[in-house]
Amino acid sequence: MSSLAVGAASRSADAAALGLRSPKYFEARTATRDPKWVKWTLVTLGVSYFVLFLLLPLITVFYEALRKGWEVYANAIIEPDAWSAIKLTLIAAAIAVPLNVVFGLAAAWAIAKFEFRGKQFLITLIDLPFSVSPVVAGLIYVLVFGANGWFGSWLRDNDIKVIFAIPGIILATIFVTVPFVARELIPLMQAQGKEEEEAAIVLGASGWRVFTQVTLPNIKWGLIYGVILCNARAMGEFGAVSVVSGHIRGLTNTMPLHIEILYNEYQFAAAFAVASLLALLALVTLVIKKIVEWQQTKSIAASQKSAL
Amino acid sequence: MSIRVENIEKKFGQFQALKNVSLDFPTGELVALLGPSGCGKTTLLRIIAGLENADSGRVFLDGEDASDTHVRERQVGFVFQHYALFKHMTVFDNVAFGLRARPRKERPVESEIRRKVHQLLELVQLDWAGDRFPSQLSGGQRQRIALARASRRATCFAAR
């Protein structure tokens, strides 16, 4: 799903740089021009839908969070349990994201540049976290690492805690974020093919040099985009983490779980305060994403423009 | 530098791409391979460059058997069908890539690289385009850059 979005984004960036296939190009020609009423009906429909279902709830979060004033807001966030939830969320993201970058690169490389048996299976497997409900993902880890699970007694004997502890939360986060980087890179690397790498090898470059100076610069934007999406999901994940966490306050609560607890205890102001912080993190992520796209378009446009 | 191929055989699955091909390209000669699409011209060039392995047969570069030499060490200049220029590098960096990729002790100093690259760019009459990116050049200009990049240490050529 996200790969589609990126594909579209980078394609439109290319197209815009070329001045072709951009909306302006379509509207300027009578052959592809739609009647005015079609245009404005679609625009109104699209905008009102998103205002109603996306923008309004977002504004509500911030409004509710600040309704009882800044003091309540600040107290809800610096409160130790909330603070530990924020820290845990950041730790989980900081571990899951780099791991997924390495795995995503390796998987995309293998799929795009090699032929091997089971390639289709690997592609399908990467998509599994998108199709499986996060709750099921969490339950799988409970079955494997839980007290009555496969490794339960071994883990207990060796005094290792996975479920209802931080490792379980990190594992669950990794599970749900696996596809993001790989899914971004696979179509990109497949489209680019092997020619530039071959050229570099013919010129005498070592494998490492080919990777750092030819492959990596070519997939840079896709990789950054994948990391951003992966990070957003890692911080926001609720279902899978909820199953393995055990909701121990100050220990195994992440931000989304902490919000739920506060809400269930009727501490609405506090719940919305932490929620607004989580929403803010998401908004920052979106802004970074937008800047990345903008940079990408600019670099393509710049290289096209000075050609003339 | 002379190129000689002996009894080259290559199959892609069931498809026989090359069957008992033996050819001799003497030093300094300009040779063109002509033939219908899919007759194996590119496959032969890729085998000479070392990008593809022949099922059987030998490749001799300058009289020496290079069949088991890795692409990196063969020092064959190769111009790709679509040039395969590095999109994110300037024309200058493209041409300098081969020189900079050499092992540290064989690598010329930066001023020497600069001199050689300019020499090659002058040769293809594109010395003014060193700071440009491949996307800013016309098709023919890109081809000349690909030629300059391939010839930076080339002892022999295989353009396709």
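Everything below is about the structure printed above this text.
What you see is a predicted model, and the numbers here were worked out from it, not measured in a lab.

Peer 1: Report on the pattern of salt bridges, specifying residues and quantitative values.
Peer 2: Two side chains carrying opposite charge are able to pair once their charged atoms lie near each other. Across all of its chains, the model carries 16 salt bridges over all chains by this definition. When the shortest N-O distance is used, the salt bridge between A:Arg67 and A:Glu64 registers 3.5 Å. A salt bridge links B:Arg4 to B:Glu6; the nearest nitrogen and oxygen atoms lie 3.2 Å apart.

Peer 1: Lay out the interface of chain A and chain B with the relevant residues and their values.
Peer 2: On the side of chain B, 27 residues touch chain A, which itself brings 21 residues to the contact. Between chain A and chain B, the buried area comes to about 2,100 Å², and carbon and sulfur atoms account for 56% of it. When the buried surface of chain A facing chain B is broken down by residue, A:Glu195, A:Val202 and A:Leu203 rank first, second and third, together holding 32% of it. Where chain A packs against chain B, one counts 2 salt bridges. Residue B:Arg46 pairs with A:Glu198 through a salt bridge whose shortest N-O separation is 2.6 Å.

Peer 1: Describe in detail the nonpolar core, supporting the description with residues and values.
Peer 2: By size, the foremost hydrophobic cluster in this structure holds 31 residues, and its most contacted members are B:Phe86 and B:Phe97. Secondary structure elements with two or more residues in this core: helix 10 (195-202) and helix 11 (207-236) of chain A together with strand 1 (3-12), strand 2 (15-25), helix 1 (41-49), strand 3 (56-61) and strand 5 (76-79) of chain B. Among the elements that make up this core, the one with the highest residue count is helix 1 of chain B (5 residues). Residue contacts for B:Phe86: discarding those within four places in its chain leaves A:Glu196, A:Ala199, A:Ala200, A:Leu203, A:Val214, B:Asn94, B:Phe97, B:Pro134 and B:Arg149.

Peer 1: Residue-level account of the pairing of strand 1 of chain B, with values.
Peer 2: Residues and elements named next belong to chain B. Pairing of strand 1 with strand 2 involves 7 bridges; the strand directions are antiparallel. Across the sheet, lysine 11 pairs through a bridge with glutamine 16, a residue of strand 2. Hairpin connection between strand 1 and strand 2: a loop of 2 residues separates the two successive antiparallel strands, and glycine 13 in this loop has a positive phi of roughly 65 degrees. As paired strands, strand 1 and strand 3 are joined by 5 bridges and run antiparallel to one another.

Peer 1: Can you tell me about the sheet that holds strand 4 (residues 64-65) of chain B, naming the residues and giving the values?
Peer 2: On the basis of which strands lie adjacent, the open sheet formed by 4 strands has the order 2-1-3-4 (chain B) and antiparallel pairing. Edge positions in the open sheet fall to strand 2 and strand 4 of chain B, since each of these has one partner strand only.

Reading guide: rules and limits
- Residues numbered from 1 in each chain as written.
- Chains lettered and ligands numbered in written order.
- Predicted model: local features only at pLDDT ≥ 70, side-chain atom pairs only at ≥ 80, totals over all residues.
- Heavy atoms only, no water.
- Salt bridge = Lys/Arg side-chain N within 4 Å of Asp/Glu carboxyl O.
- Contact = heavy atoms within 4.5 Å.
- Buried area = accessible area lost by both parts, 1.4 Å probe.
- Core = buried A, V, L, I, M, F, W, Y, C linked by side-chain atoms within 4.5 Å.
- Buried < 20%, exposed > 50% of the residue type's maximum accessible area, 1.4 Å probe, protein only.
- Helix = DSSP H or I, 4+ residues; strand = E, 2+ residues; numbered from the N terminus.
- Pairing = 2+ DSSP bridges.

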